[in-house]
Every structure is written in structure tokens, then in C-alpha cells.
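# An overview of the molecular structure
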Amino acid sequence: MLENPLRDPRDRRLPRIAGPCGMVLFGVTGDLSRKKVMPAIYDLANRGLLPPGFSLVGFARRDWADQDFAQVVHDSVKQYARTEFREEVWEQLSEGFRFVPGDFDSDDSFDHLRRVIEELDEIRGTGGNHAFYLAIPPAAFGKVVSQLQRHALTESSPDRWRRVVVEKPFGHDLRSAQELNGILHSVFPDGSIFRIDHYLGKETVQNIMAMRFANAMFEPVWNANYVDHVQITMAEDVGIGGRAGYYDGIGAARDVIQNHLLQLMALVAMEEPVSFDASALRVEKQKLLSSIRLPEDLAVTTARGQYAAGWAGGEKVVGFLDEDGIARDSTTETYAAVTLHVDNRRWAGVPFYLRTGKRLGRRVTEVAVVFKRAPHLPFTQSATAELTQNALVIRIQPDEGLTMRFGSKVPGTQMEIRDVNMDFAYGGSFTESSPEAYERLILDVLLGDPPLFPRHEEVELSWQILDPVLDFWAAQDTKGVGPEAYASGYWGPSSADAMLERDGRVWRRP
Ligand code: BG6
């Protein structure tokens with residue numbers, strides 16, 4: 001068939017269906033695989049976006065047969081998939097499931113894996129194209145990628161691709177991130193490494209770019225002439241759940257600010273990319289991240305806290321130090337807030353306040369761009385007593401949309417001006433529901449489409465920004481000054497409020 005010369009193959013309006021391929025999943029028993037990866041694979045299959053012969057190979061130290069693995073995927077899909085369960089989709093998908101029982105140290109297991117992949121290429125037509133998804137602790141990355149290499153599983157060639165997918169944490173500081181990147185790069189070329197930051201897969205996060213660069217009305221005011229400050233909030237009402245082993249020693253700043261929040265900030269503050277090619281987008285994010293500066297006095301421009309007992313969803317909950325698996329003297333923060341400056345002409349003098357925490361008042365992620373007051377108000381003081389600053393709030397989740405806050409006259413015979421909100425809600429404008437971030441990102445891995453995956457430079461720059469804060473907090477710990485307690489169900493420690501009050505500002509209460 002002749003190609004239509006008017007059709008750009010990258011046209012996103014065409015359904016983007018992955019070509020022949022498969023995936024090997026390491027860490028099949030973990031939460032990430034069960035709650036996110038497996039359901040997303042099913043949802044993609046259900047939406048017709050996977051090739052008919054797609055294969056999924058699980059690898060773990062379990063004495064399982066293929067059927068046992070299929071049962072695990074089945075249970076996870078039933079519990080967590082976004083789309084409806086359809087027997088015919090499941091039947092076709094599960095025919096491509098295989099399980100390789102094995103140890104990361106065992107040569108036999110990786111030989112077995114190679115044979116399974118070759119057989120799938122033969123009978124399912126996967127064409128030699130396979131992604132290795134490392135849903136395992138980073139300490140095991142080195143072992144697994146070198147085993148894959150030793151067993152001739154990593155080489156791409158013009159007629160087949162091999163890719164590796166890794167999840168955060170990408171290290172715990174700059175040095176460890178560089179080591180990790182070194183390990184991955186010693187085996188896979190840059191273009192074959194896909195680092196997942198699931199925030200970039202969220203519809204509303206991608207919409208930041210659409211909103212800024214597809215419209216005429218936002219960019220003219222998107223700068224220090226009009227913007228007073230920006231608040232980026234990721235609040236959760238849950239505690240650490242069963243993740244004590246991962247979370248203790250990591251804390252809120254490493255878990256969320258280093259990746260999700262700095263990526264959000266990069267998208268909000270970067271310049272317009274030349275195009276939405278991966279390299280053009282990454283250049284702009286990288287440039288922005290390299291112009292971020294921490295203020296001098298970290299004692300008053302950062303804040304950290306630890307949740308104490310309190311309430312969540314109408315139920316009594318224990319404090320962090322009483323959670324199972326947490327050391328009683330842990331100084332791990334469950335709340336972190338930082339002030340950041342951007343040293344460029346667009347943002348000079350505009351602070352960006354980033355905060356995240358567990359067991360806060362409610363689950364909400366938003367970016368609030370708060371504008372300066374109008375330079376002159378030709379009204380009496382009492383007429384504007386209830387007028388605050390204009391704000392544009394990008395609601396990332398759960399109530400996806402955008403709110404514009406501005407002043408309006410209150411109906412009546414007097415001139416009285418009060419804040420009103422103008423809302424755009426996804427549910428009101430679109431009938432399609434948003435796909436899960438993992439659906440989009442896994443599809444992009446299989447398509448080899450990299451714009452939504454941070455490069456190692458971005459990861460390292462983010463650690464460079466955060467390392468001094470983490471060092472400062474560690475030094476405070478040695479002086480016996482740990483994170484401040486806050487009651488579960490409230491909005492974090494008082495030091496975080498003081499951090500903004502010093503600047504004459506207040507946190508939003510979403
Ligand atoms: C993860 C963090 O990256 O994001 C978790 O490790 C956090 O601690 C989660 O709970 C939140 O993701 P989401 O998509 O629910 O905002």
C-alpha cells in the first residue's frame with residue numbers, strides 16, 4: 001500500500017499501536033508490578049493498543065509455572081485495571097504469558113530467559129523486540145543488566161530493539177545517581193534507557209504544555225512582571241502504608257520533590273521548546289533545572305515534618321514512629337517544603353514553593369500560579385477588602401482541571417469586589433476518561449517514544465538542587481534537631497507556615 005504523503009507518521013491523532021514486541025518484568029511480586037504495571041498492560045490490550053502477539057515474561061525467585069504467573073496477573077487486573085474485564089481480551093493476552101523462575105545470580109536462569117524469548121519470537125511473532133522492566137530495588141539493577149548483557153539479551157540491531165525501563169528512586173543523592181547511570185549506560189545506549197517518572201504520564205501534567213504553548217493568553221503574563229510566586233503542592237492523606245522498608249531513610253524530599261515536583265516545576269517554568277521532540281523538550285527542562293538556585297538560609301527557607309497520630313478519613317491513625325517497621329528514633333521526614341529561585345530573566349525574584357507530605361488534610365496535587373496585585377485599585381479600601389490575588393490553579397489530581405481566580409463585583413447597589421472562580425473540569429468538557437499514567441508510559445516504551453522520560457542529566461541536576469537541603473537536614477539531626485511533628489489530618493508543620501509568612505505569603509488550603 002502506498003503511504004499517504006500528507007500523513008506524518010508521528011501524527012498523534014492516529015491510534016498509536018505498538019508493533020510486534022514483548023516485555024520481561026523483573027519484580028513481579030512487588031506492589032508496583034501488581035498495582036500499576038500489570039493492570040496498565042491489560043488496559044492497553046483492552047484498548048487495542050498492543051500487538052496481537054504481545055508477550056509478557058515474569059522473572060522472579062518463585063517456584064511458579066506459567067499458569068501461576070497468569071493467575072497473579074489475573075488477580076491484579078481484576079483488582080486494579082481501569083477498564084472493564086473482557087474475557088476475549090484476557091484470553092488472547094494471557095496466551096503470551098511465560099514465567100522464568102530464577103535468581104539474579106544464576107546463569108542458568110538467564111539462559112532459560114533467553115530461550116523463552118527466542119521461542120516467543122518464533123511462536124508469537126515478537127520479532128526480537130523486548131523491553132526489560134526493572135521493577136526491583138536499584139541495588140539489584142547492576143546485577144540484572146550485567147546478566148542480561150552476558151547472556152546476549154541487550155543488543156539492539158537495525159531489525160530488533162532491546163530497551164530497559166527503570167523506576168525511581170534513581171539513587172539517593174547525586175553521587176549514587178551518577179553511579180546508577182554509569183551502570184545502565186555501560187550496557188544500554190542512552191536512547192534505549194527509559195526512566196519512569198509517572199507524573200509525566202499524567203494527562204493533566206502533559207496539559208501544562210498544551211495550556212502554556214497552544215494558547216495566546218497565558219504566556220504574556222507568565223513571568224516576573226506579573227507573577228508573584230508559584231506554589232506546587234502534592235499532598236496525600238495516606239500514610240506510608242506497608243512501605244516502611246522503602247520509605248524509612250528516604251523521606252518525602254527524595255521520594256517526591258527530587259522527581260515529580262521538580263519535573264512539574266520544569267514544565268511550568270521552562271521556555272517554549274522548539275518542538276515536542278524528546279531532545280528539544282529535554283533541552284528546555286534541563287536548562288531550567290540548571291538555573292534553579294536554593295536560598296542562602298536553609299533553616300528558614302525549607303521545612304520538614306513527621307506525622308504524629310491523628311485522624312484520616314474519619315478514623316484514628318497512628319503516628320509515623322508507631323508505624324510497623326519504622327525505627328522509633330527515625331528522623332525521616334514525611335513532609336518537606338523548599339523555597340527555590342530561578343536565576344533567569346523570566347523568573348528573577350519569583351519564589352517557587354514546593355511542598356509534599358503524607359497524612360495531610362486531603363489528597364491533592366496542584367500548581368498555583370499566584371499573580372501580583374493590580375498596580376492600582378481605583379476603589380475604596382472597603383470595596384476591595386475581600387479581594388485577594390489573582391491565581392491560576394492547575395489541578396493535577398484528583399479533581400482534574402483548571403481554576404482561574406479573579407475579582408468580580410458582588411451584585412448590589414454598592415461597589416464591592418470579591419474573589420470568584422472560573423473552572424474548567426475535564427469531566428465537563430471531555431467524555432473520554434484519562435488513561436492511567438502507566439498506560440501512556442508503557443505504550444511509549446514499546447513505541448520507543450522518549451519525550452516523557454527524564455534523561456540522566458535531569459535526574460542528576462535534580463539531585464544537585466536537593467543535596468544541600470538533605471545535607472543540611474542531616475547536620476540538624478546530629479544536633480538533635482529533627483523534623484517537627486504535625487498531627488495527621490492537618491496541613492503539615494508550623495515551620496512550613498512560618499517559611500511563607502516570612503515572605504508575607506500563605507500556603508493555599510486546597
Ligand atoms: C510515588 C511515591 O512516586 O508517588 C509515593 O513513591 C506516592 O510515595 C506516589 O504515594 C503518589 O502517586 P500519585 O500518582 O497517587 O500521586
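Attention in this report is confined to the structure presented alongside it. (Residues numbered from 1 in each chain as written. Predicted model: local features only at pLDDT ≥ 70, side-chain atom pairs only at ≥ 80, totals over all residues. Heavy atoms only, no water.)

## A few points about the sheet that holds strand 5 (residues 162-167)
- Spatially, 3-2-1-4-5-6 is the arrangement adopted by the six strands of the open sheet, whose pairing is parallel. Unpaired on one side and paired on the other, strand 3 (97-101) and strand 6 (193-196) mark the two borders of the sheet. In this sheet, neighbouring strand axes are inclined to one another by 20° on average, regardless of whether the strands run parallel or antiparallel.
- Bridging between strand 5 and strand 6 involves four bridges; their strand directions are parallel. When the bridges of strand 6 are listed, Glu167 appears paired with Ile196.
- Lying over the sheet, helix 2 (residues 66-80) contacts strand 2 (55-60) and strand 3, oriented at roughly 115° with respect to strand 3. (Pairing = 2+ DSSP bridges. Helix = DSSP H or I, 4+ residues; strand = E, 2+ residues; numbered from the N terminus. Axes fitted to C-alpha atoms, helices over the stretch in contact; angles between N-to-C directions. Contact = heavy atoms within 4.5 Å.)

## With respect to a nonpolar patch on the surface
- A cluster of nonpolar side chains, namely Leu377, Phe379 and Met415, defines an oily patch on the protein surface of about 250 Å² accessible area.
- Inspection of the secondary structure puts Leu377 in the loop between strand 13 (364-371) and strand 14 (391-397). (Patch = residues over 30% accessible without salt bridge, like charges linked within 9 Å, V, L, I, M, F, W, Y side chains within 5 Å. Areas by Shrake-Rupley, 256 points an atom, 1.4 Å probe, with all protein chains shown as cover. Salt bridge = Lys/Arg side-chain N within 4 Å of Asp/Glu carboxyl O.)

## Quick notes on the packing of aromatic side chains
- Evaluated as defined, the whole model comprises 20 aromatic pairs.
- Taken together, a centroid distance of 4.9 Å and an interplanar angle of 45° make the contact between Phe26 and Phe59 tilted. Here Phe26, found in strand 1 (residues 22-26), pairs with Phe59, found in strand 2; they are 33 residues apart in sequence, far enough to count as distant.
- Taking 5.5 Å as the distance between ring centres and 75° as the angle between the ring planes, the aromatic pair formed by Trp90 and Phe97 counts as edge-to-face.
- Judged by its relative accessible area of 3%, Phe97 is buried.
- Aromatic rings pair up to connect Tyr42, Trp64, Phe69, Phe85, Trp90, Phe97 and Phe99 into one cluster.
- Lying across the ring of Trp161, Arg163 places its NZ or CZ 3.7 Å from the centre.
- A cation sits over an aromatic face here: Lys202 above Tyr199, 4.6 Å from the ring centre. (Phe/Tyr/Trp six-rings, centres within 6.5 Å; stacked < 30°, edge-to-face > 60°. Buried < 20%, exposed > 50% of the residue type's maximum accessible area, 1.4 Å probe, protein only. Lys NZ or Arg CZ within 6 Å of the ring centre and 35° of its normal.)

## Quick notes on the pairing of strand 7 (residues 227-235)
- Most of strand 7 is tucked away, with nine of its nine residues classed as buried.
- Of the pairings in the sheet, the one linking strand 7 to strand 13 comprises eight bridges and is antiparallel in character. Residue Met234 lies in a different strand from strand 13, and its bridge partner there is Thr365.
- In this sheet, strand 12 (residues 352-357) lies alongside strand 7 in parallel orientation, the contact comprising six bridges.

## Overview of the pattern of salt bridges
- What the rule picks out here adds up to 33 salt bridges.
- In this structure, the salt-bridge partner of Asp111 is Arg114, at a minimum N-O distance of 3.7 Å. Taken as a pair, Asp111 and Arg114 lie in helix 4 (residues 107-124) at a separation of three residues, close to a single helical turn.
- Judged by its relative accessible area of 26%, Arg114 falls in the partly exposed class.

## Some thoughts on the packing of helix 9 (residues 251-269) against helix 14 (residues 456-478)
- At a minimum axis separation of 10 Å, helix 9 and helix 14 run at an interaxial angle of 140°. Judged on the interaxial angle alone, helix 14 and helix 9 are oblique. Classified by chirality, the crossing of helix 14 by helix 9 is right-handed. Residues Ala253, Arg254, Ile257, Gln258, Leu262 and Gln263 of helix 9 lie in contact with helix 14, whose contacting residues are Glu458, Val459, Ser462, Trp463, Ile465, Leu466, Leu470 and Trp473.
- Across the contact of helix 9 with helix 14, the residue classes tally to nine nonpolar, three polar and two charged. (Parallel < 35°, antiparallel > 145°, perpendicular 65-115°, else oblique. Left-handed = near helix turned anticlockwise from the far one by under 90°. Nonpolar A, V, L, I, M, F, W, Y, C, P; charged D, E, K, R; others polar.)

Don't take any of this as a statement about function, it's just geometry.
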